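Analysis of the macromolecular model
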Amino acid sequence: PHLLRLIPGPRTSADILPFIMTTYKVKSWPWRKVLPEEFEEGDELKEAVPEFEKVIQGLLDLCLEHPRVGKKLKKSPSKLMDKDMLDIFADDAGLGFMPDDDYKELKPDKKMYMVKMDTWRNNMLSQFKKRKAPSAKIAGSILKKMQEALVKMKADTKTNLEKKAAEEAHFKTMNKFFNAAEEEDLELMDECLKADPWLLNEGHKQKAGATCVMIAVRAKKLKSVKHLIEKKCDLAKEDNFNWTSLNWANEDAEDEVMAEIIKVLEAAGCPEGEGEDDDDSDDFNLAEAAAEMIS
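What counts and how
- Residues numbered from 1 in each chain as written.
- Predicted model: local features only at pLDDT ≥ 70, side-chain atom pairs only at ≥ 80, totals over all residues.
- Heavy atoms only, no water.
- Helix = DSSP H or I, 4+ residues; strand = E, 2+ residues; numbered from the N terminus.
- Buried < 20%, exposed > 50% of the residue type's maximum accessible area, 1.4 Å probe, protein only.
- Contact = heavy atoms within 4.5 Å.
- Areas by Shrake-Rupley, 256 points an atom, 1.4 Å probe, with all protein chains shown as cover.
- Axes fitted to C-alpha atoms, helices over the stretch in contact; angles between N-to-C directions.
- Parallel < 35°, antiparallel > 145°, perpendicular 65-115°, else oblique.
- Left-handed = near helix turned anticlockwise from the far one by under 90°.
- Nonpolar A, V, L, I, M, F, W, Y, C, P; charged D, E, K, R; others polar.
- 1 Å grid on protein atoms, 1.4 Å probe; cavity = no way out; pocket = protein on both sides within 12 Å on 5 of 7 lines; lining within 4 Å.
- Points joined across faces, edges and corners; volume = space filled by probe spheres on them.
- Phe/Tyr/Trp six-rings, centres within 6.5 Å; stacked < 30°, edge-to-face > 60°.
- Expected span 1.5 Å × (residues − 1).
- Arc of directions from axis to C-beta.
- Polar contact = N/O pair within 3.5 Å; in protein donor to acceptor, adjacent residues only side chain to side chain.
- Salt bridge = Lys/Arg side-chain N within 4 Å of Asp/Glu carboxyl O.

1. Some details on the overall build of the chain
Across its full length, the chain holds 13 helices and five strands. Looking at the chain as a whole, 38% of its 295 residues qualify as buried. Partitioning the contacts of the chain with sequence separation of at least 6, the portion at a separation of at least 24 is 65%. Here the chain displays about 17800 Å² of accessible surface, and carbon together with sulfur accounts for 50% of that area.

Listed below in structure tokens is the structure:
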């Protein structure tokens, strides 16, 4: 179809540029996810296959450079991949998880349900060869869109890997402090707090938002609880269940050590959280289940 690209305002004949859009569907994953289905005709790209090979190899190189996926691939002489590996790569590249049907199109072996990287390469490249190839008039446009998509995948991969590395470092720092509290290593706790004072009241995302004092209470570590109170921890802070340290302590109030912890918490003015509005039936107790998980 002939379309007109119009420039607002006063126009001359030079301002009205006719161009032709041709429908062409790139069927292989991940290109069909990131490419349009219409491409502008332009100058003919006669030797297109080598150019498509370059951009496809760029995608494979990005996969090989991925710290987790690439490490596994380099250990495999045949460069075998399973769907989990492709999902990890795709998610970091901003593609989301690979659909099961797309993975099946790569014809994974029946025994291990794995795919060779060469098979993936051939699957992507096959459409650009011989009778399946797009016309030379739109090949350049398709190639340009693929190159732009690859640039975005590289940028997304870099951003997501940096974000995950920062999160991993964050949790490593938190776990060191929380573990020290569970082991009643007061010296190490002080070292952690000196380096990162925010640790004192930070809720741990992997522990239902529990703070260090809550974990110390759950572990019945009286010395750590007292030490954290001396450091002015926020006893009013609640976790994801709207519970404070005192709520957790009261769950095991009959225990001798926990009874002492309750006295310490109450003396320090620790309030009780209201908790979530959930079913009080005997079949399932959310708080008890969470306590077991955190323990």
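2. Here's the deal with the packing of helix α7 (residues 136-182) against helix α8 (residues 186-195)
It is at 8 Å that the axes of α7 and α8 come closest, and there the two elements cross at 155°. With respect to α8, the element α7 is oriented roughly antiparallel. For the crossing formed where α7 meets α8, the hand is left-handed. Taking contact as the criterion, the partners of K176, F177, A180 and A181 in α7 are, on α8, L188, M189, C192 and L193. In the contact of α7 with α8, the residues fall into seven nonpolar, no polar and one charged.

3. Examining the environment of H66
When you line up the elements, H66 lands in the loop between α2 (48-65) and α3 (69-74). If near-sequence neighbours (up to four positions away) are discounted, H66 is found in contact with K71, I88, F89, D92 and L161.

4. Some words on the layout of surface pockets
By volume, the second largest pocket amounts to about 150 Å³. Here the residues of the lining of the second largest pocket sort into one nonpolar, four polar and three charged.

5. Re the environment of K107
For K107, the position within the fold is in the loop between α5 (100-105) and β5 (115-116). Considering only alpha carbons, one finds K107 and W120, 13 residues apart in sequence, at a separation of 9.2 Å.

6. A look at the packing of aromatic side chains
Applying the stated rule across the entire model yields six aromatic pairs. Seen in terms of ring centroids, F89 and W120 are 6.5 Å apart; in terms of plane orientation they differ by 75°. Their pairing is edge-to-face. Taken together, the positions of F89 in helix α4 (residues 83-92) and W120 in helix α6 (residues 117-125) put the pair 31 residues apart, joining distant regions of the chain. Note on W120: relative accessible area 0%, which makes it buried. An aromatic cluster of three or more residues is present, and its members are W29, F89 and W120.

7. Some words on helix α12 (residues 256-267)
Here α12 is 12 residues long and its end C-alpha atoms lie 17 Å apart, about the 16 Å a rise of 1.5 Å per residue gives. Buried within α12 are the following residues: M258, I261, I262, V264 and L265. Across the axial projection of α12, the buried residues extend over an arc of 165°, all falling on one side. Opposite its buried face, α12 presents the exposed residues E256, K263 and A267, each directed more than 90 degrees away. Against the buried residues of α12 lie α9 (212-218), α10 (222-230) and α11 (245-250). Measuring from the side-chain oxygen of the N-cap residue of α12 to the backbone nitrogen of V257 gives 3.0 Å; that N-cap residue is D255. In the stretch just after α12, G269 is the one whose phi turns positive, near 85°.

8. Remarks on the pattern of salt bridges
Within this structure, the stated rule accounts for 13 salt bridges. Put simply, E105 and R32 hold a salt bridge, and the shortest N to O gap is 3.9 Å. With E105 in helix α5 and R32 in helix α1 (residues 31-34), this residue pair connects regions lying 73 residues apart in the sequence. What makes E105 partly exposed here is its relative accessible area of 39%. Residue R32 is classed as partly exposed on the basis of its relative accessible area of 37%. Sharing partners across several salt bridges, the network here consists of R32, D102 and E105.

9. Examining the packing of α10 against α12
Direction vectors running N to C along α10 and α12 enclose 5°, while the axes themselves pass 10 Å from each other. Classified by the interaxial angle, the pair formed by α10 and α12 is roughly parallel. Counting all contacts with α10, which are made through L222, V225, K226 and I229, the residues of α12 involved are E260, I261, V264 and L265. Of the residues contributing to the contact of α10 with α12, the split by class is six nonpolar, no polar and two charged.

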